[in-house]
Amino acid sequence: MLDIKNLHVAVGGKEILKGLTLSLQPGQVHAIMGPNGSGKSTLSYVLAGRAGYDITEGSITYNGEDLSALKPEERAAKGVFLAMQYPVEIPGVTTMTFLKTALNAQRRARGEPDLDAIGVLKLVRAKAKTLNVSEEMLKRPLNVGFSGGEKKRLEILQMAVFEPKLAILDETDSGLDIDALRLVAEGVNALRDPSRAMLVITHYQRLLDYIVPDRIHVLAGGRIVAEGGKELALELEAKGYEHIVKVPA
Amino acid sequence: MTGITALGLPEARRNEAAALFRARGVPHRRIEDWKYSDLKSALGEGGIGAAVAQWQILHQPDGVELFDLTQSNPPEWVLANFARTTANTMSAASLALSKGGVALRVPKGVCITNPLKLDFTAAGHVRALLVLEDGASLTLVEGVGPGHFRNVGFEFVLGEASVLEHVRVSPDAGEAVLVEEMSVRIGAGGQYRAHFAAFGSKLSRMEVEITLAGAGAQAHLSGVALLDGKRHSDVTTHVIHAVGNTHSTQLFKHVAGGNSRAVYQGKVTVAQGANGSDSNQSAKALLLGENAEADLKPELEIFADDVKCAHGAAVGDLDAESLFYLRARGIPEAEARGLLLHAFLEDAVAEISNTDQRELVRTELLTALKAMA
């Protein structure tokens with residue numbers, strides 16, 4: 001589903017990713033772990049298509065297509081979803097209006113008919129319940145005044161509503177207490193599906209206690225420097241990154 | 001009282017206004033107040049002319065009295081309120097030159113629920129007067145029709161505990177040059193709530209001078225401007241807290257694209273002894289291109305001791321992070337920009353209390369945003 005080959009990415013002329021190779025199949029959950037500044041967020045942004053992240057070498061292929069040639073909105077319509085580390089606050093747009101606009105934009109791009117307001121409301125309500133997202137939250141302006149936990153829950157709610165094929169979770173655990181973390185992880189696990197691939201990006205092993213990955217890649221200095229099964233996370237937690245990673249200069 | 005003209009105006013006052021205008025001439029950019037709106041150069045050779053612009057009542061609800069200012073024998077309420085002395089140059093010009101206009105009154109204690117709809121059209125000068133007597137209430141919907149150069153002098157007199165909501169929508173008027181001077185006087189406990197939505201023209205300027213003349217008087221001004229191409233829109237306000245325990249708020253949101261220019265100049269004066277005055281002023285502008293310009297100039301002039309005054313202004317561009325967020329959720333760029341612009345303007349639109357009018361302004365904005373995308 002996702003094939004990243006020898007990916008080099010520069011931000012503002014500075015090379016951050018220096019030859020990253022990664023392959024992800026449907027139904028799989030892979031984790032990317034790495035210390036601060038290793039290029040984790042750069043990877044998530046370049047997959048989602050944020051401006052200013054220039055691919056200088058290598059390729060990203062998504063379902064046989066060159067992902068880098070697509071606009072962010074085209075990627076979303078084709079099933080790429082990035083749960084962001086810092087979801088933005090947008091005063092003046094209610095959460096419900098945003099969800100409806102985004103869902104219908106994706107449907108339109110895929111040639112599917114729009115869902116009417118009632119249809120969207122029903123869909124969102126059903127998914128919101130399990131994630132403990134209240135009606136009141138849906139009426140508020142998008143992310144405005146939301147706590148860290150509420151913002152992350154809303155990201156996962158979007159994932160549930162948009163039903164992406166490839167979900168990238170960027171530091172979804174950051175800023176969450178243990179209860180919020182459990183709730184978010186349960187939401188993510190409920191979306192594990194044989195047709196869906198997930199890339200879980202995290203600094204800490206903690207999240208991976210709840211979202212157990214099929215494979216772990218350790219990112220350092222812009223490259224994958226170690227790979228292994230779920231036990232690799234425990235080793236990193238016990239011994240720290242420096243022990244495993246010989247950070248390239 | 002001798003020498004009453006067809007406008008119900010003592011000859012002496014008309015001469016006084018004419019003398020004031022002659023002394024000052026057509027305002028231009030070297031006059032501080034007109035720095036961002038060069039009326040003289042926009043008018044060119046033609047100058048301000050002496051034509052008579054038209055007014056038109058599209059809906060006159062029961063209970064609103066009307067007097068055509070070209071008629072003779074003006075009633076007492078017109079004589080008592082019309083053409084108070086003004087120091088405003090263009091208002092003086094409209095007084096000196098206008099041969100037409102309308103006076104409207106809502107009598108004491110009368111509350112009108114249906115909006116009064118008043119349009120100004122054609123080129124030239126025109127005067128208007130709206131009197132709300134004590135305890136009266138009204139919604140005024142002002143329309144701005146076509147006309148190459150029009151100068152409207154509009155006076156408002158709000159009695160004690162009266163309430164006026166004023167909504168003015170000024171559609172994209174292309175090459176037109178439009179100026180309007182409003183002078184609003186608010187008695188004790190009276191409330192003036194105004195919203196100005198502007199889509200600009202070659203030069204559009206609206207000046208509002210508000211005097212909070214009695215304790216408990218309130219003025220709440222809000223407005224949006226959405227400009228593209230070479231449009232210009234200038235809102236210049238002056239709120240005077242003449243007595244204490246008066247309250248004013250201002251919230252203006254402007255979006256300027258293309259080569260357009262959005263201007264907000266807002267002065268708040270708190271007079272000596274006007275303790276307990278409370279004023280809040282906020283103006284924000286978004287620039288959509290390198291050639292667009294926004295000039296925001298909030299100003300405070302305080303002569304009293306115990307007051308609460310806040311003001312702020314900010315010019316920025318569309319937040320790149322928000323735009324990316326929306327696009328990453330599948331919303332195409334043009335639609336995402338429209339959504340963010342609409343969101344930016346929304347809190348100023350939300351200030352309109354009349355539901356129908358609020359929806360109307362929203363719809364106008366959405367249509368214009370689509371056209372800009």
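Residues numbered from 1 in each chain as written. Chains lettered and ligands numbered in written order. Predicted model: local features only at pLDDT ≥ 70, side-chain atom pairs only at ≥ 80, totals over all residues. Heavy atoms only, no water.

Asker: Can you break down the overall build of chain A residue by residue, with the values?
Answerer: The number of helices and strands found in chain A is 10 helices and 12 strands. Over its C-alpha trace chain A gives a radius of gyration of 18 Å, about what one expects of a compact globule, namely 18 Å for 249 residues. Across the 249 residues in chain A, those meeting the buried criterion constitute 53%. Look at the contacts in chain A between residues 6 or more apart in sequence, and 69% of them connect residues 24 or more apart. If you sum the accessible surface of chain A, you get close to 10700 Å²; carbon and sulfur atoms cover 50% of it. (Helix = DSSP H or I, 4+ residues; strand = E, 2+ residues; numbered from the N terminus. Rg over C-alpha atoms; globule rule 2.2 N^0.38 Å. Buried < 20%, exposed > 50% of the residue type's maximum accessible area, 1.4 Å probe, protein only. Contact = heavy atoms within 4.5 Å. Areas by Shrake-Rupley, 256 points an atom, 1.4 Å probe, with all protein chains shown as cover.)

Asker: Account for the interface of chain A and chain B, naming residues and giving values.
Answerer: The accessible area lost on association of the parts is a frequent measure of interface size. The interface of chain A with chain B comprises 31 residues on the first partner and 17 residues on the second. Both sides of the chain A and chain B interface together cover about 1900 Å² of buried area, and 66% of this is carbon and sulfur. Contact with chain B buries area across many residues of chain A, yet R50(A), E73(A) and V88(A) alone supply 27% of it, more than any other trio. Between chain A and chain B we count 3 salt bridges in total. Residues R50(A) and E321(B) are paired through a salt bridge, measuring 3.9 Å at the closest nitrogen-oxygen approach. Inspection of the chain A/chain B interface yields 8 residue pairs in polar contact (both at pLDDT 80 or more). (Buried area = accessible area lost by both parts, 1.4 Å probe. Salt bridge = Lys/Arg side-chain N within 4 Å of Asp/Glu carboxyl O. Polar contact = N/O pair within 3.5 Å; in protein donor to acceptor, adjacent residues only side chain to side chain.)

Asker: Kindly report on the sheet that holds strand β12 (residues 223–228) of chain A, identifying the contributing residues and their values.
Answerer: Residue and element names in this part refer to chain A. Spatially, the 6 strands line up as an open sheet ordered β6-β9-β10-β3-β11-β12, and their pairing is mixed. Only two strands of the sheet have a single partner each, and these edge strands are β6 (80–83) and β12. Strand-to-strand twist across the sheet, computed as the mean angle between neighbouring axes with direction ignored, equals 20°. Note that strand β3 (residues 29–33) and strand β11 (residues 215–220) share 4 bridges and pair parallel. (Pairing = 2+ DSSP bridges. Axes fitted to C-alpha atoms, helices over the stretch in contact; angles between N-to-C directions.)

Asker: Account for the sheet that holds strand β2 (residues 14–24) of chain A, with residues named and values stated.
Answerer: All names here are of chain A. Here we have 4 strands laid out as an open sheet, ordered β2-β1-β4-β5, and antiparallel in their pairing. Edge strands, defined here as strands with exactly one partner in the open sheet, are β2 and β5 (65–66). Where strand β4 (residues 53–62) and β5 come together, 2 bridges link them in antiparallel fashion. Its bridge partner being in β5, T61 is matched across the sheet by D66.

Asker: Outline empty space enclosed by the protein, supporting the account with residue identities and numerical values.
Answerer: Residues and elements named next belong to chain B. A full pass over the atoms with the stated rule returns 4 cavities of 30 Å³ or more. Counted as a void, the largest cavity has a volume near 100 Å³. Around the largest cavity, the lining residues are R168, S170, L178, F196, A197, A198, S204, R205, M206, S233, D234 and V235. If you list the elements that add at least two residues to the lining of the largest cavity, you get β8 (163–170), β10 (191–198), β11 (203–212) and β13 (232–241). Of the residues assigned to the lining of the largest cavity, the class counts are 6 nonpolar, 3 polar and 3 charged. Here the second largest cavity defines a volume of roughly 50 Å³. Taken together, F120, E142, G143, V144, R150, V152, R168, L178, V179 and E180 make up the lining of the second largest cavity. Elements supplying a minimum of two residues to the lining of the second largest cavity: β6 (137–144), β7 (149–158) and β9 (177–186). Residue classes in the lining of the second largest cavity are distributed as 5 nonpolar, 1 polar and 4 charged. (1 Å grid on protein atoms, 1.4 Å probe; cavity = no way out; pocket = protein on both sides within 12 Å on 5 of 7 lines; lining within 4 Å. Points joined across faces, edges and corners; volume = space filled by probe spheres on them. Nonpolar A, V, L, I, M, F, W, Y, C, P; charged D, E, K, R; others polar.)

Asker: Provide a residue-level description of the environment of E235(A), including the pertinent values.
Answerer: All names here are of chain A. Its location among the elements puts E235 in helix α9 (residues 231–239). Between the alpha carbons of E235 and Q205 there is a distance of 9.4 Å; along the sequence they are 30 residues apart. Contact partners of E235, with chain neighbours within four places excluded, come to G240 and I244.

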